[in-house]
Amino acid sequence: AVTYPGHARGLILVDTEAKFSRKRLLEGYEKLGGTQARAIAQACFDNPTAENFVRYAERCRQYEAIGEIPDSFFKYCIMKGEVTAHYFSNEIFSFDYIPRLNRVASPVLVLASTENPVHSLESAKEMADAFESPCDLRTYVNCAKFAIDAVEPACNDISQFIHNYA
């Protein structure tokens, strides 16, 4: 959207940010799982090995949703450890689109949750504030992952956004 700012009729951003903050990410895990969860997450992001991924999945993935994550949730995900390791080692904390978001010409809907340790509400607010085009930030309280914790309200907000700008 920042490379081709006039192409989209609308932009919907869910569980994402324009710039990852290591500090916010680790604080999110500490808030939900204490210092042990923070240490495990930090090890995974600082040294993304197979062993650290296993520990992360066993101890930290539970904080990615308020409700129980059903086994079927990951059924269609293709997990490639080497891709994740590369991303964690080389990219996750290196990009920053904040200065370029003002180029986006289309309306934007940002969906943010209050309890997601990976995608913080603060990061969503920072991102939403950077758009000059109309931007609607929707916040979901007691929610970590929309696909589990807030399916109906998130779908309603998305439908309304599409209706308004289609």
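Residues numbered from 1 in each chain as written. Predicted model: local features only at pLDDT ≥ 70, side-chain atom pairs only at ≥ 80, totals over all residues. Heavy atoms only, no water.

**Regarding the layout of surface pockets**
Of the volumes computed, that of the largest pocket is approximately 750 Å³. Every residue lining the largest pocket is counted, 27 residues in all, and those nearest its centre are R61, E64, M79, T84 and F88. Contributing elements (two or more residues each) for the lining of the largest pocket: α2 (50–59) and α3 (81–90). Top contributing element to the lining of the largest pocket by residue count: α3, with 5 residues. Among the residues forming the lining of the largest pocket, the class breakdown is 16 nonpolar, 5 polar and 6 charged. (1 Å grid on protein atoms, 1.4 Å probe; cavity = no way out; pocket = protein on both sides within 12 Å on 5 of 7 lines; lining within 4 Å. Points joined across faces, edges and corners; volume = space filled by probe spheres on them. Helix = DSSP H or I, 4+ residues; strand = E, 2+ residues; numbered from the N terminus. Nonpolar A, V, L, I, M, F, W, Y, C, P; charged D, E, K, R; others polar.)

**Focus on the sheet that holds strand β2 (residues 108–113)**
Reading across from one edge, β1-β2-β3 is the order of the 3 strands in this open sheet, with parallel pairing throughout. Among the strands making up the open sheet, the edge pair consists of β1 (11–14) and β3 (135–140). Between one strand axis and the next, the sheet turns by 15° as a mean value, whatever way the strands run. Judged from the 6 bridges that link them, β2 and β3 form a sheet pairing that is parallel. (Pairing = 2+ DSSP bridges. Axes fitted to C-alpha atoms, helices over the stretch in contact; angles between N-to-C directions.)

**A word on the confidence of the model for the protein**
The share of residues in the protein with pLDDT of 70 or more is 99%, and the mean pLDDT across the chain is 87. The lowest-confidence element of the protein is helix α5 (residues 146–149), averaging 70 in pLDDT; the highest-confidence one is helix α4 (residues 121–130), averaging 95. (pLDDT = per-residue confidence, 0-100.)

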